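Remarks on the overall topology
This is what each chain is made of:
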Amino acid sequence: MTESTETTVANTAVVTAATDADMRALGRRIAARVRPGDLLILSGPLGAGKTTFTQGLGEGLGVRGPVTSPTFVIARVHPSLVGGPALVHADAYRLGSPEEIDDLDLDAALADSVTVVEWGEGVAEELSEDRLEIAIDRRPDDSRTVRVTGVGARWADRLPTAE
Ligand SMILES: Nc1ncnc2c1ncn2[C@@H]1O[C@H](COP(=O)(O)OP(=O)(O)O)[C@@H](O)[C@H]1O
Ligand SMILES: [Mg+2]
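Just so you know, these numbers come straight off a predicted model, no measurement behind them. (Residues numbered from 1 in each chain as written. Chains lettered and ligands numbered in written order. Predicted model: local features only at pLDDT ≥ 70, side-chain atom pairs only at ≥ 80, totals over all residues.)

**Quick look at the confidence of the model for the chain**
Cut-off, in case you're wondering: Per-residue confidence from the predictor is given as pLDDT, running between 0 and 100. Numbering of helices and strands runs from the N terminus; a helix is a DSSP stretch of H or I covering at least four residues, while a strand is a stretch of E covering at least two. Contacts here follow a simple rule: the backbone-placed C-beta atoms of the two residues must lie within 7 Å.
Overall, the prediction assigns the chain a mean pLDDT of 85, with 82% of residues at 70 or greater. At the low end of the mean pLDDT range in the chain sits helix H3 (residues 98-103), at 67; at the high end sits helix H2 (residues 50-61), at 98. Contacts for the low-pLDDT stretch residues 1-9, under 50 throughout, to residues beyond four places or in other chains number seven contacts.

**Side note on the pairing of strand E4 (residues 87-91)**
Residues in a regular strand project their side chains so that they alternate between the two faces of the sheet. Put simply, the test is: Using C-beta atoms placed from the backbone, we call a residue buried if 20 or more other C-beta atoms fall within 10 Å of its own, exposed if 12 or fewer do, and partly exposed for counts in between. Think of it this way: DSSP has to see at least two bridges between two strands before they count as a pair.
Within E4, five of the five residues are buried, which leaves the element mostly enclosed by the surrounding structure. Residue alternation in E4 divides its side chains into two sets, Leu 87, His 89 and Asp 91 and Val 88 and Ala 90, and both sets are buried. Sheet analysis places E4 next to strand E5 (residues 114-118), joined by five bridges and oriented parallel. Counterpart to Ala 90 in the pairing with E5 is Val 117.

**Here we look at the packing of helix H1 (residues 20-31) against H2**
Helix packing for two helices is described by the angle between their axes and how far apart those axes are. Short version of the rule: Helix axes are fitted only over the stretch in contact, all axes being lines through C-alpha atoms; the angle between N-to-C directions runs from 0 to 180 degrees. If an angle is under 35 degrees, it is roughly parallel; if it is over 145, roughly antiparallel; if it lies from 65 to 115, roughly perpendicular; otherwise it is oblique. Handedness of a crossing follows from how the near helix is turned relative to the far one, being left-handed for an anticlockwise turn of less than a right angle and right-handed for a clockwise one. As a working rule, the residues Ala, Val, Leu, Ile, Met, Phe, Trp, Tyr, Cys and Pro are called nonpolar, Asp, Glu, Lys and Arg charged, and the rest polar, with Gly in that last group.
Their axes nearest at 7 Å, the elements H1 and H2 cross at an angle of 45°. Classified by the angle between their axes, H1 and H2 sit oblique to one another. Read as a crossing pair, H1 and H2 show a hand that is right-handed. In contact with Asp 20, Met 23, Arg 24, Ala 25, Leu 26, Gly 27, Arg 28, Ile 30 and Ala 31 of H1, H2 contributes Thr 52, Phe 53, Thr 54, Gln 55, Gly 56, Leu 57, Glu 59, Gly 60 and Leu 61. Of the residues in the contact of H1 with H2, the class split is eight nonpolar, six polar and four charged.

So this is what it looks like as structure tokens:
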């Protein structure tokens, strides 16, 4: 085993999305800041808006849609229509264990794509020590509080949601 120095730099932005259109707009805004090799981990309960966010991200990246809840497949690849990175959209909901995420071979596509894992909290972190964590909370008035945290050196010099 070689020794390594781990540098974890985290920066967080908290955003309110009043409507699903706002959530999509946040996805588009973040699309402008991601680059190939980025991993986004989405958390929040059922109906929080994880897929809605991913739809905006897909629009912003200019990938082939539609982006839908990956209910019957665990991961779907949306190729770029504009010569950019593909969007890999995965759903870890039915994965039984962190080991199962290895079976998806997401890391093969990770370097060239933008990878989003819904329900990825606790299972997808091992894919990359650098990641954008997006935690969505649903409020009683149906607005959502979105906490966006850049983790690792890849995000050290990038604000996660700046205009
Ligand atoms: N502020 C909001 N942000 C996101 N979605 C919202 C908001 N208000 C209402 N919604 C609705 O909530 C649902 C979120 O569903 P979805 O994105 O599939 O959630 P998840 O993927 O987290 O289960 C959609 O029907 C969407 O229209
Ligand atoms: Mg979903």
